[in-house]
Amino acid sequence: MKNKLFFFLSFLYFTAFSQDEIADFGAPLDIPLYLSGNFAELRSNHFHTGIDIKTQGVEGKRVLAAEKGKVSRISVSPYGYGLALYLEHPNGYTTVYGHLLKFSNEINQVLRQQQYEQESFRVDFAPDSVIQVEKGELIALSGNTGGSGGPHLHFEIRRTSDSHPLNPLKFGFDIKDDIPPRIRGVRLHPMSDSTLINGKHEAKSFVVHGSNGNYHLKAGSKIEVFGAFGMSVHSLDYLNGYPNKCGLYEVHLSVDDETICRQQFDELDFATTRHINAYKAYDVYRTNRWHYHKSFIEPGNELEIYLPETKNKGVINLVKSGMHQANYVVKDAYENISTLDFTFETLAVPNGPLPEAKTYDAYFHFDQENTFTYPEEFKVVVPKGALYQDLKLNFGREMPRAELLSARYSLHNDMVPLDDYIEIGISASDLSDELRDQVLAAQYSTTGHASYITGNWTGDRFEFKAKSFGKFALVADSLAPDVTPLTRTSGTLSDNTVLRFRIEDDRSGIASYAAYLNGEWVLTAFEPKSKAISVIFEGTNPNPSGNELRIEVGDAVGNKTEKIYKF
Ligand SMILES: [Zn+2]
């Protein structure tokens, strides 16, 4: 009897305990919480997996452990999260703090030891020793490191068991939001070869007006559709305090009171976050930064955000002619709602000429590996799963120009997204050995912007990987990086000295950088945003005089610059 009661009580206790724990995270900053970004916001090639908390425009705000736990990962990178800390909590969650300026002394010591052991500023490791933290304990100072575009704290909550990031706004932080999302437009997308939207076989956007949660199409708008189509909605959320554009929590499309597609952002998965490029209307995001959320699911889109009532993958195919009522409901994480109601007409017969069959150079299947060859010169392999839907591929070749080592090949265009790398080979013969070592692929975007990709030679074919379509040609990078001091290059050195240098490379980019004090490796931070390195003499005990500092910087094809300074 006593035992049974004990089990019963402990069952109650653990049930209550685990529920309390879910809602019991403390704020990661001790200033009022205002957001510049929220969960699932649409970004380039990924959904935002946390919240961005404003730090009053400055770095150095106190960052506090949201719950008791232990440091499970310390990561330092010139890119992405910059200086980042991961805390694993006994409640089954892990919290992540990104773009930090510096860690607490205890964590910093463990980091420095690891950086000197690996002779690398960039590290990502689980500490050997247990570093315990209490809830509310100072763990770091906020900063602007890595890919951050202004001082803020990036904060995430992940389920420890599968590392899925969860929506932090569902955890009861003291963040105010009574503003419903704004709806800016609705877009119709052809979903068959013969679909006509207002007489044309192309996607079309319609302007939306309204305020305070009630939206409608611009007066005089008329929508007529022949054939299968999908819809998307351009909508952004705003929170109280600042006009930052944030993301939605839920999008629900119904036609004639039946759900077509409904998605919610409770959690994401890093394995599929790039599928955002199938989720958003990719082309108009690229060209106009329009945040169109699609209410249809392309075959290669594996996001697990759709509710079971979603029908026919969101494809609308009403064969009879007639008027229909469409209704969009968009919601933020605090249940603020906006609705858009409009009518459209479906046609049983086309109201314009049916589109002519498109010419193309190859048909690529999204669920197969695809290869295309332009004999003797060009080859591309698109692996299974790299496309979100089948593609009628267009290929072109432009004559060689003086500054190029090959012809310029246009491989479809970069308005079609890729989930994975494609493998490209371009042939070039009669190059000297020295030149072959300096070869890079140049990739030109639709806007003409050039980026550069390293690769390897197989015989006379230069092989490389690209993650988007575009125009490609071979070029050479013969120039070594520039190194220019931004601070003094003489005088004395001490443990507190930090010296900065500007480092730049024209084509292949900075691939290596290192500083040596009297032959010994010194910690050097790389900040790509300011094209600079900082040599940090902390813990090096420089000589009172007669010090030699050597800086080595290399680009991605192996051109090297070495500079020596005496202190
Ligand atoms: Zn962020």
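Here the structure is a predicted model, which is why all the values come from computation and not from measurement.

## Details of the overall build of the protein chain
Here's step 1: Looking only at helices and strands, the protein chain features 5 helices and 42 strands.
Here's step 2: When the 567 residues of the protein chain are sorted by exposure, 50% land in the buried category.
Here's step 3: When the accessible surface of the protein chain is totalled, it reaches about 26,800 Å², and 49% of it is carbon and sulfur.

## Considerations on the confidence of the model for the protein chain
Here's step 1: Mean pLDDT over the protein chain works out to 94, with 96% of the residues at or above the 70 mark.
Here's step 2: This stretch, residues 1–21, has a pLDDT under 50; its non-local contacts, to residues over four places away or in other chains, come to 2 contacts.

## Describing the pairing of strand β6 (residues 93–103)
Here's step 1: Here β6 lies mainly inside the structure; 9 of its 11 residues are buried.
Here's step 2: Relative to β6, strand β5 (residues 83–88) runs antiparallel, the two sharing 5 bridges. By the bridge assignment, Glu88 is partnered in β6 with Thr94.
Here's step 3: The hairpin turn running from β5 into β6, its antiparallel successor, is 4 residues long, and Gly92 in that turn takes a positive phi close to 95°.
Here's step 4: Direction of pairing for β6 relative to strand β10 (residues 152–159): antiparallel, over a ladder of 6 bridges. In the sheet register, Tyr97 faces β10, and the bridge partner there is Phe155.
Here's step 5: Both β6 and strand β9 (residues 138–142) contribute to a ladder of 3 bridges, which runs antiparallel. Residue Phe103 lies in a different strand from β9, and its bridge partner there is Ala140.

## Comments concerning the layout of surface pockets
Here's step 1: In this structure, the largest pocket occupies an estimated 1,400 Å³ of space.
Here's step 2: In this structure, the largest pocket is lined by 38 residues; those nearest its centre are Pro190, His201, Lys358, Gln389 and Asp390.
Here's step 3: Elements represented by at least two residues in the lining of the largest pocket include exactly β12 (182–190), α3 (276–279), α4 (282–288) and β26 (391–393).
Here's step 4: It is β12 that provides the largest number of residues to the lining of the largest pocket, a total of 3 residues.
Here's step 5: A breakdown of the residues in the lining of the largest pocket according to their chemical character gives 19 nonpolar, 8 polar and 11 charged.

## Things to note about helix α2 (residues 105–118)
Here's step 1: For α2, which comprises 14 residues, the first-to-last C-alpha distance of 20 Å matches the rise-based estimate of 20 Å (1.5 Å per residue) to within 8%.
Here's step 2: For α2, the complete set of buried residues consists of Ile107, Asn108, Val110, Leu111, Arg112, Gln114 and Gln115.
Here's step 3: Against the buried residues of α2 lie β4 (69–76), β5, β6, β7 (123–125), β9 and β38 (520–522).
Here's step 4: Looking at the residues trailing α2, positive phi occurs at Glu119, about 50°.

## A short note on the side chain of Thr95
Here's step 1: Relative to the elements of secondary structure, Thr95 occurs in strand β6.
Here's step 2: Relative accessible area serves as the criterion here: at 0%, Thr95 is assigned to the buried category.
Here's step 3: At 2.7 Å, the side chain of Thr95 forms a polar contact with the side chain of His89.
Here's step 4: Within the local environment of Thr95, its side chain forms a polar contact with the side chain of Tyr97, the two groups lying 2.8 Å apart.

## Focus on the nonpolar core
Here's step 1: Formed by 48 residues in total, the largest nonpolar core has its most connected members in Ile74, Leu85, Tyr97, Leu100, Phe103, Ile139 and Phe155.
Here's step 2: The greatest single-element share of this core, amounting to 4 residues, is contributed by β6.
Here's step 3: Setting aside residues no more than four positions away along its own chain, Phe103 makes contact with Ile74, Ser75, Val76, Leu83, Ala84, Leu85, Asn108, Leu111, Ile139 and Ala140.
Here's step 4: In terms of nonpolar packing, the next biggest core, distinct from the first, is built from 39 residues, Met231, Ile276, Tyr328 and Phe344 among them.

## A few points about the coordination of the zinc ion
Here's step 1: Taken together, His48 (NE2), Asp52 (OD) and His154 (ND1) make up the full set of protein donors to the zinc ion, lying 1.9 to 2.1 Å away.
Here's step 2: All donor residues of the zinc ion come from one chain, and their arrangement in sequence is H-x3-D-x101-H. Here Asp52 is found in strand β2 (residues 51–54), whereas its partner His154 is found in strand β10, with 102 residues between them in sequence.

## Comments concerning the sheet that holds strand β37 (residues 510–517)
Here's step 1: Here 4 strands make up an open sheet; going across it, the order is β38-β37-β41-β42 and the pairing antiparallel. At either end of the open sheet lies a strand with only one pairing partner, and these are β38 and β42 (560–566). Pairs of neighbouring strands in the sheet enclose a mean axial angle of 30°, with direction left out of account.
Here's step 2: Two elements, β37 and strand β41 (residues 548–555), share 7 bridges in a ladder whose sense is antiparallel. Note on β41: the bridge partner recorded for Tyr516 is Arg550.

Rules used throughout
Residues numbered from 1 in each chain as written. Predicted model: local features only at pLDDT ≥ 70, side-chain atom pairs only at ≥ 80, totals over all residues. Heavy atoms only, no water. Helix = DSSP H or I, 4+ residues; strand = E, 2+ residues; numbered from the N terminus. Buried < 20%, exposed > 50% of the residue type's maximum accessible area, 1.4 Å probe, protein only. Areas by Shrake-Rupley, 256 points an atom, 1.4 Å probe, with all protein chains shown as cover. pLDDT = per-residue confidence, 0-100. Contact = heavy atoms within 4.5 Å. Pairing = 2+ DSSP bridges. 1 Å grid on protein atoms, 1.4 Å probe; cavity = no way out; pocket = protein on both sides within 12 Å on 5 of 7 lines; lining within 4 Å. Points joined across faces, edges and corners; volume = space filled by probe spheres on them. Nonpolar A, V, L, I, M, F, W, Y, C, P; charged D, E, K, R; others polar. Expected span 1.5 Å × (residues − 1). Polar contact = N/O pair within 3.5 Å; in protein donor to acceptor, adjacent residues only side chain to side chain. Core = buried A, V, L, I, M, F, W, Y, C linked by side-chain atoms within 4.5 Å. Donors = N, O, S within 2.8 Å, 3.2 Å for Na, K, Ca; no water. Axes fitted to C-alpha atoms, helices over the stretch in contact; angles between N-to-C directions.

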